[in-house]
Amino acid sequence: MAAAIGVSVPVLRFLLCFVATIPVSFLWRFIPGRVGKNLYAAGSGVILSYLSFGFSSNLHFLVPILLGYASMLLFRAKCGIITFFLGFGYLIGCHVYYMSGDAWKEGGIDATGALMVLTLKVISCAMNYNDGLLKEEDLRESQKKNRLIKLPSLIEYIGYCLCCGSHFAGPVYEMKDYLEWTESKGIWAGPLPSPYLATLRAFIQAAFCMGIYLYLSPNYPLTRFTEPIYQEWGFWKRLNYQFMAGFSARWKYYFIWSISEASIIISGLGFSGWKDSKPRWDRAKNVDIAGVEFAKSSAELPLVWNIQVSTWLRHYVYDRLVQKGKRPGFFQLLATQTVSAVWHGLYPGYIIFFVQSALMIAGSKVIYRWQQAVPPTKSFLKSVLTFSNFAYTVLVLNYSCVGFMVLSLRETLASYGSVYYIGTVIPIVLLILGSVIKPSRPLKSKARKEQ
């Protein structure tokens with residue numbers, strides 16, 4: 001079976017356990033009592049981890065779980081920053097020791113990916129418990145919503161961390177939401193809408209994405225970037241290959257996130273309230289496929305790609321680096337992208353990709369400012385700038401993501417150099433032009449705020 005779908009046996013074992021999170025999460029609905037639900041969430045997560053990665057995986061998971069809980073128990077006033085550095089420190093150590101990126105490229109798999117999700121969970125929990133000490137008027141809206149006044153019990157905490165295998169690929173969710181879900185409080189109080197149609201939609205989407213990936217990926221192997229034939233191609237063919245390699249690889253992530261979305265939805269945790277008398281199930285939504293592929297601006301990408309991790313980075317890194325009364329700038333953006341790069345791993349390709357992402361977003365914002373400064377009477381010029389931002393996003397995204405896929409410095413620079421670093425040069429040129437050509441701000445800045 002593994003050979004039939006072109007994966008290794010360890011990856012197949014993981015995929016089977018990953019898909020099994022859907023029925024496991026479904027059974028959670030029938031577990032009685034708050035304690036029983038927490039025990040089931042924790043126990044099922046432990047078993048799925050063991051079946052997927054082996055016994056040692058749970059030992060690795062136990063380290064950040066216990067470090068985070070100990071910091072909340074003993075050093076509440078500083079538990080957020082303590083857990084941040086301890087959690088990331090342990091994750092970085094595992095990244096260096098296992099060098100998982102090489103294993104993933106060769107068809108292997110280990111628990112490091114799940115540890116990445118777990119690290120974000122323990123950090124957010126500790127920071128929210130830390131926020132519980134602060135005055136409400138000093139907090140942002142997200143902090144007010146998610147802060148924890150009372151320390152969760154150890155079984156609640158472990159259940160939150162490993163819930164039904166949700167640590168495999170996310171999504172990242174808040175401890176406060178998990179507690180209200182298990183206690184049938186907040187939006188989970190009273191009768192809940194049926195999750196089955198939304199689950200089916202996510203599952204069908206996952207199957208479609210896997211089909212697209214299996215069809216495209218054999219035609220665009222990453223090894224081609226270092227093969228002589230690639231260097232013999234002309235500029236446009238090399239650029240097109242980069243586009244297709246990135247486009248093909250994204251369907252793998254769409255599949256993974258669609259399965260995790262189905263799992264969270266069917267458990268009930270994915271419910272996020274009502275809108276126009278219709279239930280919303282976007283708490284587990286981690287990607288908007290059309291939003292990624294047809295993004296009008298690079299600044300839209302964090303809102304539609306790896307959505308829950310992007311939200312985590314905004315709430316726990318970006319926003320917290322902005323001093324009160326001051327506006328965020330390129331430093332906050334670059335620092336956030338650097339944290340994201342380190343979270344993924346210490347491969348040069350990751351670091352380069354996320355620095356590239358910061359440049360890409362900053363350059364897109366320059367085009368957007370010009371676009372917003374165009375008066376309504378010049379609709380053609382506005383349309384040209386709108387299309388330019390879209391084309392810019394497609395070009396720079398697919399150029400940049402090669403580094404994320406090949407990982408090594410040599411292959412990253414070789415692929416970038418093969419197209420004359422076009423995806424690096426254009427954002428830098430835009431930033432320079434943006435500092436010279438400064439259009440007057442429009443009266444209405446609502447659209448800008450969305451950027």
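Nothing here was measured: the structure is a model prediction, and the numbers come from that model.

### Considering the overall build of the protein chain
Item 1. Summing up its helical and strand segments, the protein chain has 22 helices and two strands in all.
Item 2. Computed over C-alpha atoms, the radius of gyration of the protein chain comes to 22 Å, within 12% of the 22 Å expected from 2.2 N^0.38 for 451 residues, which places it in the range of a compact globule.
Item 3. Dimensions of the protein chain, computed from C-alpha atoms along their principal axes, come out at roughly 60 × 55 × 45 Å.
Item 4. At a minimum sequence separation of 6, the contacts of the protein chain that also span at least 24 residues come to 72%.

### Considerations on the nonpolar core
Item 1. Core analysis: the biggest nonpolar cluster contains 96 residues, and I65, Y157, Y178 and W312 have the highest contact counts within it.
Item 2. Setting aside its immediate chain neighbours within four residues, I65 contacts L118, V122, Y157, I158, C161 and L162.
Item 3. Listed in part, the 22 residues of the second largest apolar core include F404, M405, L407 and V419.

### With respect to unusual backbone geometry
Item 1. The amide bond that connects G170 to the next residue, P171, takes the cis arrangement and shows omega of 5 degrees.
Item 2. Tracing the backbone through its elements, the reader meets P171 in the loop between α9 (154-162) and α10 (175-182).
Item 3. Within the chain, C164 stands out as a residue other than glycine whose phi angle is a positive 50 degrees.
Item 4. Topologically, C164 is positioned in the loop between α9 and α10.
Item 5. Since its relative accessible area comes to 1%, C164 is described here as buried.
Item 6. One non-glycine residue with positive phi stands out, namely Y420, at about 60 degrees.
Item 7. In this fold, Y420 is placed in the loop between α20 (409-418) and α21 (422-436).
Item 8. The exposed category is assigned to Y420, whose relative accessible area is 56%.

### Brief notes about α21
Item 1. If you check α21, its first and last C-alpha atoms are 21 Å apart, about what 15 residues at 1.5 Å a residue would give, namely 21 Å.
Item 2. For α21, every residue scored as buried is listed here: G423, T424, P427, L430 and G434. The arc that holds every buried residue of α21, seen down its axis, measures 135 degrees, which confines them to one face.
Item 3. Its buried side turned inward, α21 meets α18 (348-373) and α19 (379-406).

### Focus on a nonpolar patch on the surface
Item 1. Taken together, the side chains of L409, L413, Y421, V425, I428, V429, I432, L433, V436 and I437 define a hydrophobic patch exposed on the protein surface, amounting to about 840 Å² of accessible area.
Item 2. Where the nonpolar patch is concerned, the elements lending two or more residues are α20 and α21.
Item 3. Considering each element in turn, the nonpolar patch owes the most residues, six residues, to α21.
Item 4. In this structure, V436 sits in helix α21.
Item 5. Residue classification places V436 among the exposed residues on the basis of a relative accessible area of 63%.

### Some details on the packing of aromatic side chains
Item 1. This model, assessed by the stated rule, comprises 41 aromatic pairs.
Item 2. Measuring from centroid to centroid gives 6.0 Å for F208 and W251, while their planes differ by 80 degrees, and the two rings are edge-to-face. Of the two residues, F208 is situated in helix α11 (residues 196-216) and W251 in helix α13 (residues 235-267); the sequence distance between them amounts to 43 residues.
Item 3. Ring centres of Y254 and W305 lie 6.0 Å apart, and the angle between their planes is 70 degrees; on these two criteria the pair is classed as edge-to-face. With Y254 in helix α13 and W305 in the loop between α15 (301-304) and α16 (307-318), this residue pair connects regions lying 51 residues apart in the sequence.

### Some points on the confidence of the model for the protein chain
Item 1. Summary statistics for the protein chain give a mean pLDDT of 90 and a share of 94% for residues scoring 70 or more.
Item 2. The model gives residues 445-451 a pLDDT under 50, and that stretch makes ten contacts with residues more than four places away or in other chains.

### Observations concerning the side chain of D319
Item 1. Along the chain, D319 turns up in the loop between α16 and α17 (330-344).
Item 2. No salt bridge is formed by the buried D319, whose closest oppositely charged neighbour, R314, lies at an N-O distance of 4.1 Å.
Item 3. When near neighbours in sequence (up to four residues on either side) are disregarded, D319 contacts R140 and R314.

### A closer look at the pattern of salt bridges
Item 1. All told, the structure shown has ten salt bridges when counted by the stated rule.
Item 2. Measuring nitrogen to oxygen at the nearest pair gives 3.5 Å for the salt bridge that ties R147 to E136. Of this pair, R147 sits in the loop between α8 (141-146) and α9 while E136 sits in the loop between α7 (112-131) and α8, placing them eleven residues apart in sequence.

What counts, and where the lines are drawn
- Residues numbered from 1 in each chain as written.
- Predicted model: local features only at pLDDT ≥ 70, side-chain atom pairs only at ≥ 80, totals over all residues.
- Heavy atoms only, no water.
- Helix = DSSP H or I, 4+ residues; strand = E, 2+ residues; numbered from the N terminus.
- Rg over C-alpha atoms; globule rule 2.2 N^0.38 Å.
- Contact = heavy atoms within 4.5 Å.
- Core = buried A, V, L, I, M, F, W, Y, C linked by side-chain atoms within 4.5 Å.
- Buried < 20%, exposed > 50% of the residue type's maximum accessible area, 1.4 Å probe, protein only.
- Expected span 1.5 Å × (residues − 1).
- Arc of directions from axis to C-beta.
- Patch = residues over 30% accessible without salt bridge, like charges linked within 9 Å, V, L, I, M, F, W, Y side chains within 5 Å.
- Areas by Shrake-Rupley, 256 points an atom, 1.4 Å probe, with all protein chains shown as cover.
- Salt bridge = Lys/Arg side-chain N within 4 Å of Asp/Glu carboxyl O.
- Phe/Tyr/Trp six-rings, centres within 6.5 Å; stacked < 30°, edge-to-face > 60°.
- pLDDT = per-residue confidence, 0-100.
- Lys, Arg positive; Asp, Glu negative; His and termini not counted.

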